[in-house]
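Notes for the structure review
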Amino acid sequence: MNAVRPVSPGRLPDLLRLMPKAELHIHIEGSLEPELIFALAQRNGVALPYASVEDLRGAYAFTNLQSFLDIYYAGASVLIQEQDFYDMARAYFLKAAADNVVHAELFFDPQTHTARGVAMETVISGLHRACVDAQAELGISASLILCFLRHLSETEAFETLEQALPWRDKIIGVGLDSGEVGNPPEKFARVFARCRELGLHLVAHAGEEGPPAYIWTALDVLKVERIDHGVQAIQDPLLMQRLAKDRIALTVCPLSNLKLCVFPALAQHNLRQLLDAGLAATVNSDDPAYFGGYMNDNFTQTFAATGMDAQHAYQLARNSFEASFIDETSRRRNIARLDECFESFRG
Ligand code: ADE
Ligand code: ZN
């Protein structure tokens, strides 16, 4: 499908909600709602430095990425048992299903858990069981991407990879997250090279707060297939050309960028410019429990603020399927569902 029929501004939010879409950038630990954090803390006897759900939510006023990460890692400390990881992912999948997400690739941060004595098997089994049930019960295809924490060393990343290898079949790829500035992609050159040899898909956060140079090295040194965030690419015209020419997907997270002060307002977000420049941008929620919205909130609020139209909506959803790590039959089926949605929608 090429040209999309115009849709009135009043009907656009319905189309955004209804259209099938893939989520490619969701840290599953970032989907832990305060209510579930408190429930798991009680179940596991973990003490929290917050008196109540309201008190915790009140702490969600971030000034930059690091101010968020400090609270995010504290929230993850309630995850101990296999069932906790299952319950967290299950809650996310229910939200995703309500938003017509038909495919999701979940990031997880094993080092946050193994450092507390939680076994890699506990983490991966709980998440994987939730992925299997999401397919069977909600019709969502789902897979797992293991992220290395970039504020830690490459040696620790290698140890983490080693611990995960017995569950290689339950992981489709690896990523790189946590504090970006001062931890460039090339710090992880050798471990990414090893993951590439193992046939894992490769992605990395780059150009969230960090400079375009980090996007270049994520591409040229780590050889990633997608860039997570990547919004700082706009500062570098040559990089913009490269990303457009090679159809490198950017997994953009508008509400995250707003809450972490990457842009002062959603109206100033550059998603529309990235798309209009021919880049394969997608919309994602990043850490929805912390940033005030899941997939459809990201779509509806960003469209309302930037004046994007139905053609942009189609392109974003289509990009999400084109950039998914799924087999070609599933990709074609998802794109056919998207086309059918746009053809039958009365705007
Ligand atoms: N871990 C969880 N959310 C993240 C983000 N937005 N950037 C880097 N690391 C993260
Ligand atoms: Zn992220």
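Refer to the structure presented above.
First, a word on scope: everything that follows refers to the structure included in this document. (Residues numbered from 1 in each chain as written. Chains lettered and ligands numbered in written order. Predicted model: local features only at pLDDT ≥ 70, side-chain atom pairs only at ≥ 80, totals over all residues. Heavy atoms only, no water.)

Structurally, Asp133 is set in helix α7 (residues 120-138). If near-sequence neighbours (up to four positions away) are discounted, Asp133 is found in contact with Tyr86, Arg90 and Leu138. (Helix = DSSP H or I, 4+ residues; strand = E, 2+ residues; numbered from the N terminus. Contact = heavy atoms within 4.5 Å.)

Near ligand 1, the surroundings consist of His27, Leu65, Phe68, Leu69, Tyr72, Asp177, Ser178, His205, Glu208, His229, Asp286 and Asp287. A distance of 2.8 Å separates a nitrogen atom of ligand 1 from a polar backbone atom of Ser178. Taken by itself ligand 1 offers 260 Å² of open surface, and the protein chains cover 100% of this. When residues of the shell around ligand 1 are assigned to their parent elements, the largest contribution, 4 residues, is made by helix α4 (residues 65-75). In terms of residue class, the shell around ligand 1 is built from 4 nonpolar, 4 polar and 4 charged. (Near = heavy atom within 4 Å. Polar contact = N/O pair within 3.5 Å; in protein donor to acceptor, adjacent residues only side chain to side chain. Areas by Shrake-Rupley, 256 points an atom, 1.4 Å probe, with all protein chains shown as cover. Nonpolar A, V, L, I, M, F, W, Y, C, P; charged D, E, K, R; others polar.)

What follows is about the packing of helix α10 (residues 212-220) against helix α11 (residues 237-245). In contact at an axis separation of 10 Å, α10 and α11 are set at 35° when each is read in the N-to-C sense. Seen along the crossing, α10 lies across α11 with a hand that is left-handed. Each of Pro212, Ile215, Trp216, Leu219 and Asp220 in α10 lies in contact with α11, whose residues at this interface are Leu238, Leu239, Arg242 and Leu243. Of the residues contributing to the contact of α10 with α11, the split by class is 7 nonpolar, no polar and 2 charged. (Axes fitted to C-alpha atoms, helices over the stretch in contact; angles between N-to-C directions. Left-handed = near helix turned anticlockwise from the far one by under 90°.)

Take the environment of Val221 next. Secondary-structure assignment places Val221 in the loop between α10 and β6 (226-229). As for Val221 and Ala280, which are separated by 59 residues in sequence, their C-alpha atoms are 21 Å apart. Once you skip the residues sitting within four places of it in the chain, Val221 turns out to touch Glu186, Ala189 and Trp216.

Cysteine pairs can be linked by a disulfide, which is a covalent bond between their two sulfur atoms. All chains considered together, the criterion is met by 0 disulfides. With no disulfide of its own, Cys253 lies closest to Cys147 among cysteine sulfurs, the gap being 12 Å. The thiol of Cys261 is not disulfide-bonded; the next cysteine sulfur, from Cys253, is found 15 Å away. (Disulfide = S-S within 2.5 Å.)

A few words on the packing of aromatic side chains. Evaluation of the coordinates by the stated rule reveals 13 aromatic pairs. Here the aromatic rings of Phe299 and Phe303 are separated by 6.3 Å at their centres, their planes lie at 40°, and the arrangement is tilted. Within this pair, Phe299 and its partner Phe303 are both found in helix α15 (residues 295-306), separated by 4 residues, close to a single helical turn. Note on accessibility: Phe299 and Phe303 belong to one class, buried. Taken together, Tyr60, Phe62, Phe68, Tyr72, Tyr73, Tyr290 and Phe291 form an aromatic cluster joined through their ring pairs. Sitting above the plane of the Tyr86 ring, Arg129 keeps its charged end 4.1 Å from the centroid. Taking the ring centre of Phe325 as reference, the NZ or CZ of Arg226 above it sits at 4.0 Å. (Phe/Tyr/Trp six-rings, centres within 6.5 Å; stacked < 30°, edge-to-face > 60°. Buried < 20%, exposed > 50% of the residue type's maximum accessible area, 1.4 Å probe, protein only. Lys NZ or Arg CZ within 6 Å of the ring centre and 35° of its normal.)

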